[in-house]
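Structural features, examined
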Amino acid sequence: MPAMMVPTLLIPGLNCSAVLFRDQIPLLWRFGPVMVCDHRQPNSIAGMAERILAEAPPRFALAGLSMGGFISFEIMRRAPERVTHLALISTSARPEVTGGEGDRIRAERIQMARDGRFKELPPLHYARNVHPSRQTDDVLRATHRGMTEEVGPQGYINQQEANRGRADSRPTLATIKCPTLVLVGDSDFLAPKEHAEEMAAGIAGSTLVVIANCGHLSTLEQPEAVNKALEAWRGG
């Protein structure tokens, strides 16, 4: 394999499957093999990172969206020498606030899944996952529901439990030395622009890209703009 052909690992977000990156895989494949990581188990960010590293090639580019970003930070803490490029997409370096609104909502939704109400969850997530203009986009809504079904109830519970216990990654931002892309939608309600700016400011030499007319599911909402940023990231 030529030196430039470095594999790319993609880590999806909460209740998202490989479909999240359907428009990015063909582009990234030009730079080397592409692997979409399974993050449905165990139920901790550390455990997920350890599992992914055990299955990963020796060296790779790494891109994580939302929860995938939380796992990417843990991978960077454990094996920074193995990561050639890092893309932090629609994510945050901040921890969950124990007892805060986000933590309370996660606990409620975990209980819903345990109580057999898993099918009620996709609409609750979708409303805050996309740009206001996509609220009535039935095609995107169906794609989102399909990914949730692929993750399944136990995978969803594991992911929510992992997110509740995620670490504060802000203190380790300065240790990231590889070429880094920080990408955010201009209308991301879950990981807002100020979180992206915070990450970009903390990672020396990183590139911040703000995608217009875009919510949290950036790779699906604005795939062409996201791909443009990813191509520059891998080609640079």
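Residues numbered from 1 in each chain as written. Predicted model: local features only at pLDDT ≥ 70, side-chain atom pairs only at ≥ 80, totals over all residues. Heavy atoms only, no water.

1. Remarks on unusual backbone geometry
When glycine is set aside, most residues are seen to have a negative phi, and most peptide bonds are trans. How we decide: Under the scheme used here, helices are H or I runs from DSSP no shorter than 4 residues and strands are E runs no shorter than 2 residues, and both carry numbers assigned from the N terminus.
Cis geometry is found at the peptide bond from Gln41 to Pro42, where omega equals -5°. Counting through the fold element by element, Pro42 comes out in the loop between β2 (34-36) and α2 (45-55). Residue Ser90 is not a glycine yet carries a positive backbone phi of 50°. Along the chain, the position of Ser90 falls in the loop between β4 (83-89) and α4 (101-114).

2. Quick notes on helix α5 (residues 121-129)
Here is the rule we go by: Only protein chains enter the accessibility calculation, which uses a 1.4 Å probe; a residue is then buried when its area is under 20% of its type maximum, exposed when over 50%, and partly exposed in between. Throughout, the arc means that of the directions going from the helix axis to the C-beta atoms.
The set of residues buried in α5 consists of Leu121, Pro122, His125, Tyr126 and Asn129. Relative to the axis of α5, the buried residues are bounded by an arc of 120° and lie together on one face.

3. As for the pairing of strand β6 (residues 207-211)
Going by this rule: Two strands pair if DSSP finds at least two bridges between them. We call a crossover right-handed when, viewed with the strands running away from us, the connection from the first strand over the helix to the second turns clockwise.
Pairing of strand β5 (residues 180-185) with β6, which is carried by five bridges, proceeds in the parallel orientation. Directly across from Val184, in β6, lies its bridge partner Val210. Considered for its hand, the β-α-β crossover made up of β5, helix α7 (residues 193-202) and β6 is right-handed.

4. A closer look at the pattern of salt bridges
Our working definition: One side-chain nitrogen of Lys or Arg within 4 Å of one carboxyl oxygen of Asp or Glu is enough to make a salt bridge.
Scanning the entire structure with this criterion turns up 15 salt bridges. Residue Asp38 is joined to Arg40 by a salt bridge in which the shortest nitrogen-to-oxygen separation is 2.9 Å. According to the relative accessible area criterion, Arg40 is partly exposed, its value standing at 36%. Between Asp103 and Arg164 there is a salt bridge, and its shortest N-O distance comes to 2.7 Å. Here Asp103, found in helix α4, pairs with Arg164, found in helix α6 (residues 138-164); they are 61 residues apart in sequence, far enough to count as distant. For Asp103, a relative accessible area of 8% corresponds to the buried category. Assessed through its relative accessible area of 32%, Arg164 is described here as partly exposed.

Read these as geometric descriptors, not functional statements.
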